[in-house]
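The primary structure of each chain is shown beneath.
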Amino acid sequence: MAKKSAIRIALDLETTGLHAEQDAILEVAAIKFQGSEVLDTFETFISPGRSIPYRVQRLTGIKPELLVGAPPFDAISRQLHTFLGDYPIVGHSIPFDVGFLRRWGLARSNPMVDTFELATVLLPSLSSYNLGQVAHSLGIQVPSDRHRAMVDTVLAMQVFLSLYERLQTVDLALLQDLAHLDGPRSWPLLHFFRHELRLRQEHDGASNLSRGILGDRFAAQLGMDPRVLSFAIARKDDAPPPAPTALPVATTAHIQEAEISAEAPFGTSVAHEAVYEAFEQRKPLVVEVTIGDNDYTPVLLSALRWLNEPEGETGTPRRLVIACANQQGARRLVSKTLPTLQNRLESQLSVAYLAERGGYLCAHRWFGAALRRTSGELTAEQARGLAKLGLWAQQTLTGERGELTLLPQESAAWERISSGVERLPSADPRAGSIYQRCTYRRKGLCFVSLAEERVKNARIVVTTHAGLFDDLSSSHSLLSGIEQRVVLDSDLLDEENARWSGAEFRQEHLLNLLNTIGAELPTGRYQGLLALAAPSLRENGPGGISSTPTVAKAELDQRMLSWFQTLRQARAAVEQLFKSFQALIEDAAHQGNGKGKGEGAGRSAGSRSHERLDQPLRLTSQSCQVGAWNEVEQAWKQAAHRLQSVIDLARQAEKIILAPQKNAHKEKGSGEDSSLASELAAAAHQLLEQKRLAEQALSLGESESVYWLRMPPTPVSHAGHQRPGQGPQTLSEPAPPILHTQLVQTSALLRRLLLREQRGTIFAGTALSVDGSFAFTQGRLGLESEQGLTLSIERPHHEQTLLYLMDDVPEPNVPQYQRHLDETIMQMASALEGQTVVLFTSHAALRSSYTAIKPMLEARGILVLGQGIDGSPRNLWQIYREQEHVVLLGTGSFWDASDDVTISPTCLIVSRLPMPVLHDPPIAARAELISDQLHNLTVPMAALRVRRALNKIAWHNDKRNAVIMFDKRVVSKEYGAMVLQSLPRCSQRRGGASRAAESVLDWLTDTGSWE
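The rules behind each value
Residues numbered from 1 in each chain as written. Predicted model: local features only at pLDDT ≥ 70, side-chain atom pairs only at ≥ 80, totals over all residues. Heavy atoms only, no water. pLDDT = per-residue confidence, 0-100. Contact = heavy atoms within 4.5 Å. Buried < 20%, exposed > 50% of the residue type's maximum accessible area, 1.4 Å probe, protein only. Helix = DSSP H or I, 4+ residues; strand = E, 2+ residues; numbered from the N terminus. Pairing = 2+ DSSP bridges. Core = buried A, V, L, I, M, F, W, Y, C linked by side-chain atoms within 4.5 Å. Salt bridge = Lys/Arg side-chain N within 4 Å of Asp/Glu carboxyl O. Axes fitted to C-alpha atoms, helices over the stretch in contact; angles between N-to-C directions. Polar contact = N/O pair within 3.5 Å; in protein donor to acceptor, adjacent residues only side chain to side chain. Expected span 1.5 Å × (residues − 1). Bend = angle between axes of the 7 residues up to and from the residue. Parallel < 35°, antiparallel > 145°, perpendicular 65-115°, else oblique. Left-handed = near helix turned anticlockwise from the far one by under 90°. Phe/Tyr/Trp six-rings, centres within 6.5 Å; stacked < 30°, edge-to-face > 60°. Lys NZ or Arg CZ within 6 Å of the ring centre and 35° of its normal. Disulfide = S-S within 2.5 Å. Nonpolar A, V, L, I, M, F, W, Y, C, P; charged D, E, K, R; others polar.

### Here's the deal with the confidence of the model for the chain
For step 1, the next point in the chain: With 88% of its residues at a pLDDT of at least 70, the chain reaches an overall mean of 86.
For step 2, the next point in the chain: Ignoring residues within four places in sequence, the model shows residues 207–218, a span with pLDDT below 50, making 15 contacts including any to other chains.
For step 3, the next point in the chain: This stretch, residues 595–611, has a pLDDT under 50; its non-local contacts, to residues over four places away or in other chains, come to 37 contacts.

If you want it as structure tokens, here you go:
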């Protein structure tokens, strides 16, 4: 007879806010269920004893009138306590709800089953894990009145049951791995997985054969871990889509709608000419495509037509590389854009995706040291990340990181098992690289190797900018032989290159590397790679690896003990180095306050007085004049010596592990011992790179790079569990400084990677020309002004968009500016009943406006949402799409918008021109090389950023709208014309703030253009 399901309680609360210590419960709903059978329900409103925030009223529908006569919580707490009993409590981000109950003494010992955590593990590729998205992905109908307690409780129960059904399909070996993850006891899923494992073993009467003596014998016969047989790397076929024609092009052309045939998408015919010429003559083409919503159809369609033409005299099939700024864009290109365009052309060209370095799951690492403790107990996020990876590995055919949705805190789990280290040479040249000796590769179970085969056989290869840089800078390049390339999002290419070539020197990262190699625990036992490899590393050891994650001192010989002492000394030296960095920042700030040291010793020219510790400290030849510099030099000398000693011992340990006599019983390249050697090689390589970075930075010599120290944002400790995407709030100890580096000019590197050989390279972007000229962009891309062709394809927006230019408001940085901006936002939002998005250039300005306008607008029924206050850009755009009467305030990534925009606003307010900050070290270093910084750097960068934002936000669709340029400088300063003339054709009005709302309303109710 089948065993009955456990009884559980599904629960959801609605509250006045996110903090159990200061907010109150509004509504409680709970369902007692056993399997799919509902046994009992509990539901009640609660009197909060305070006002309900407007945002909560809007999202939940709970208004003050609904709570008239509702009991206070203490009146129902005993009844709820009895209902809950000691049953497991199920809910979405349930620790958040339970945190409120525990403030009242309830649910103190009930196990928790978090459907958010469970969904992130069992549905590893969802783009969002809010309850509605999870339910929708599982085929569960999502009610329209979500965010009410009982509705969400029912939904959470249904989601749990569906996810639980999926968990039953997980094989026993994987469930055992999940149950034995070295996560903290506070992680809700650990108890749940262990409970499920016990039930499964009782039911099946089975035990895990992948470990133990029988498992080891099976592994020895296979030459690899038998659990790999549960992976989904069985099939490896892909399929894609394509057709062509030709003409010639002027150096710069602006295309009008009349030139386009009825059948062809806008701009295709002239793009076709330029693309053919660039490809056939193997020369660069810079083409600006501003037709709305980051749409590159004219260029891509033309490139596909060229690709589909019959091969020339050589008979070699034509091939093409397409690079996007990020994984999101690349995956959309592979899954949607290219199939659509190939269908249009009745084409079936094969497409393959090439991930960045470190972008694939490495089976060699996964079945080696990934699931073994190497640097202490995992955090809950790391444990969740590894659990997610374990389930995903049984589903993926490609092993691509881009298939996964990893939350930021889970990324450390990916770093433990990612590719990117396989080409590292061994400390013993005779052993070959990890890639050469990998059994998984030889047996066709290596994701990197399979991806390389797909790329070699594909006619179209899609990658990211970073993926393109990784490949072209490698001695094993797959793409250097493909002579035609389309680089999309080229307006971001310089920034992406700077990110790709930049690096950070962090105390946390260094200590993690050292702890991964080895550390002594307070208990007197030892852990890390050296501890796991102790049997192979001892002078007379038997070879192989330790059966336990930590080892006793008695299991180490004198040489190994000296290695652990070296690691301990290196940790102390690293900590001392970062203390000296902090002292340097404090000294420089003190001297920058005018204490007789002239122009801010240690900082670049133009340093400001009253420096704050959170401002960047650029390392230049003047840094040695700062009092604490001698302390930094001494600390670095000691740290460099200690780090080199660790690098040497890691290489020596790697050699010993791979020594033939130690592992004669093992197949070369198989087993965890080989993986431990690989991990030691990877750790040594990373330490060496970090050491070189610091060496170059602290030499203070002439360099192509800029180096600076910055205190990171003060971390926050989470009081209780926060709902995903919502935030924190208790300040913690300040983190140590971080040493950053970035190239001053990326143009030379771009030239070397993309232009050193004659190639047909098309640089396509949405914002490339400034005041009708491509010179600024050509310089950033490493192109000579006379090199290649340029082309602008822009759709006129004079019948869609009114550009309203304020001429009577204060300029930014004038005292009354912020007040006038807030008044204008309120007037526009009131006139349009929301439907407004405001772009700021700083979080401080955004918060100031948020505080000022929120009470006034919410009193009028308009919801105000601020980036970083009420959620991420994706969250805010989703609410904007789903709700009426909303105003969004955004900055940072809001300007670039990416794929978050779901609907164009009726009114977009640009609060001020997004000029780059000249005291930011990379910008400052670049500005020093330019005579006229205003016209040749800051204004062009601002103009291009405005153009890019409008293309994505204002022209996401064909909706008639208005853009208000609140920055008076576009009409009061001579450089304002450069900004305005860098935008596509719009209808324009210039006027005062008092007339703005009236003019916008007139425009929205009118038709045609105002020219």
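### Examining the pairing of strand β23 (residues 836–839)
For step 1, the next point in the chain: Because side chains alternate across β23, one face comprises the buried residues T836 and V838, and the other comprises V837 and L839, equally buried.
For step 2, the next point in the chain: Where β23 lies against strand β26 (residues 907–910), four bridges are found, and the strand directions are parallel. In the strand pairing of β26, V838 is matched with I909.

### Things to note about the nonpolar core
For step 1, the next point in the chain: Membership of the largest hydrophobic core comes to 139 residues, with the highest contact counts inside it found for F193 and L479.
For step 2, the next point in the chain: With nine residues, the top contributor of residues to this core is helix α6 (residues 149–167).
For step 3, the next point in the chain: Not counting the four nearest positions on each side in its chain, L479 is found in contact with V321, L354, V455, V461, T463, L468, D471, L472 and R485.
For step 4, the next point in the chain: Among the nonpolar cores identified, the runner-up in size contains 67 residues, and I517, M560, F578 and I647 belong to it.

### Let's talk about the sheet that holds strand β16 (residues 705–710)
Consider a sheet: its strands pair through backbone hydrogen bonds, and that pairing is either parallel or antiparallel.
For step 1, the next point in the chain: Here four strands make up an open sheet; going across it, the order is β11-β19-β16-β15 and the pairing antiparallel. Both outer strands of the open sheet, β11 (503–505) and β15 (617–618), are each paired with one neighbouring strand and no more.
For step 2, the next point in the chain: Here β16 pairs with strand β19 (residues 738–743) via six bridges, running antiparallel. Across the sheet, Y707 pairs through a bridge with T741, a residue of β19.

### What about the pattern of salt bridges?
Note that side chains of opposite charge can pair when their charged atoms are close.
For step 1, the next point in the chain: According to the stated counting rule, one finds 40 salt bridges in the structure shown.
For step 2, the next point in the chain: Residue E410 pairs with R384 through a salt bridge whose shortest N-O separation is 2.6 Å. Placement of E410 in the loop between α14 (380–393) and α15 (411–417) and of R384 in helix α14 is noted, with a sequence separation of 26 residues between them.
For step 3, the next point in the chain: The class of E410 is buried, set by a relative accessible area of 0%.
For step 4, the next point in the chain: Taking relative accessible area as the criterion, R384 reaches 5% and is therefore assigned buried.
For step 5, the next point in the chain: Here R568 and E520 are joined by a salt bridge, their closest N and O atoms 3.2 Å apart. Taken together, the positions of R568 in helix α24 (residues 558–592) and E520 in strand β12 (residues 519–520) put the pair 48 residues apart, joining distant regions of the chain.
For step 6, the next point in the chain: The network of salt bridges with common partners includes D491, E495, D896, R945 and R948.

### So, the sheet that holds β26
For step 1, the next point in the chain: Taken in spatial order, the seven strands make up an open sheet running β24-β25-β23-β26-β27-β22-β28, and their pairing is parallel. For this open sheet the edge positions go to β24 (863–866) and β28 (986–991), each flanked by a neighbour on one side alone. Taking the axes of each pair of neighbouring strands and ignoring which way they run, one obtains an average angle of 20° across the sheet.
For step 2, the next point in the chain: Sheet strands touched by helix α30 (residues 843–858): β24 and β25 (886–890). Its angle to β24, the strand with the most contacts, is close to 165°.
For step 3, the next point in the chain: The strands touched by helix α34 (residues 933–954) are β22 (797–806), β23, β26 and β27 (961–965); relative to β27, the strand with the most contacts, the crossing angle is about 155°.

### Description of the environment of S47
For step 1, the next point in the chain: Counting through the fold element by element, S47 comes out in the loop between β3 (37–45) and α1 (54–60).
For step 2, the next point in the chain: In the structure, S47 is positioned 20 residues away from E27 in sequence and 8.5 Å away in space, judged by C-alpha atoms.
For step 3, the next point in the chain: Ignoring anything within four residues of it in the chain, the contact list for S47 reads A70, P71 and P72.

### Comments concerning the side chain of S849
For step 1, the next point in the chain: Looking at the element boundaries, S849 is found in helix α30.
For step 2, the next point in the chain: A polar atom in the side chain of S849 sits 2.6 Å from the side chain of Q818.
For step 3, the next point in the chain: Residues within four places of S849 in sequence aside, it is in contact with Q818, L821, D822, I825, F840, K854 and L889.

### Considerations on the environment of R344
For step 1, the next point in the chain: Locating R344 in the fold gives a position in helix α12 (residues 327–344).
For step 2, the next point in the chain: Taking the C-alpha atoms as reference points, R344 and L301, 43 residues apart in sequence, are found 9.0 Å from one another.

### Considering α12
Note on helix geometry: an α-helix contains 3.6 residues per turn, so any two residues three or four positions apart are oriented the same way.
For step 1, the next point in the chain: Between its first and last C-alpha, α12 extends 25 Å over 18 residues, near the 26 Å set by a 1.5 Å rise per residue.
For step 2, the next point in the chain: Of all the bends in α12, the greatest measures close to 50° and is centred on L333.
For step 3, the next point in the chain: As for α12, its buried residues are in contact with α11 (297–308), β7 (320–324), β8 (351–353) and β9 (460–464).
For step 4, the next point in the chain: You can read the cap of α12 off the contacts: a side-chain oxygen lies 3.3 Å from the backbone nitrogen of Q328, and it is on N326.

### Details of the packing of helix α10 (residues 268–281) against α11
To characterise two packed helices, one gives the angle between the axes of the helices and the distance between these axes.
For step 1, the next point in the chain: Orientation of α10 relative to α11, taken along the N-to-C sense of each, is 50°, at an axis distance of 8 Å. Viewed along their axes, α10 and α11 adopt a mutual orientation that is oblique. Handedness of the crossing formed by α10 with α11: right-handed. Across the interface between the two elements, T268, A271, H272, V275, Y276, F279 and E280 of α10 pack against P298, V299, L301, S302, A303, R305 and W306 of α11.

### Details of the packing of aromatic side chains
For step 1, the next point in the chain: Overall, the coordinates contain 22 aromatic pairs when judged by the stated rule.
For step 2, the next point in the chain: Centre to centre, the rings of F192 and F193 are 6.3 Å apart; their planes meet at 45°, and the pair counts as tilted. Like F192, the residue F193 is buried in the burial classification.
For step 3, the next point in the chain: Residue placement shows R423 over the ring face of Y435; its charged tip is 4.0 Å from the ring centre.

### Notes on the state of the cysteines
For step 1, the next point in the chain: According to the stated counting rule, one finds zero disulfides in the structure shown.
For step 2, the next point in the chain: Here C362 is not disulfide-linked; the sulfur of C438 is the nearest cysteine sulfur, at 6.2 Å.
For step 3, the next point in the chain: Just so you know, C438 is unpaired, no disulfide at all, and the nearest cysteine sulfur is the one on C446, 5.6 Å from it.

### What about the packing of helix α4 (residues 115–122) against helix α8 (residues 188–204)?
For step 1, the next point in the chain: Closest axis-to-axis distance for the α4/α8 pair is 9 Å, and the angle between their directions is 70°. It follows from the interaxial angle that α4 and α8 lie roughly perpendicular. The two elements α4 and α8 cross, and the hand of that crossing is right-handed. The segment α4 lies against α8, with E117, L118 and V121 engaging L189, F192 and F193.
For step 2, the next point in the chain: Class assignment for the residues of the contact of α4 with α8 results in five nonpolar, no polar and one charged.

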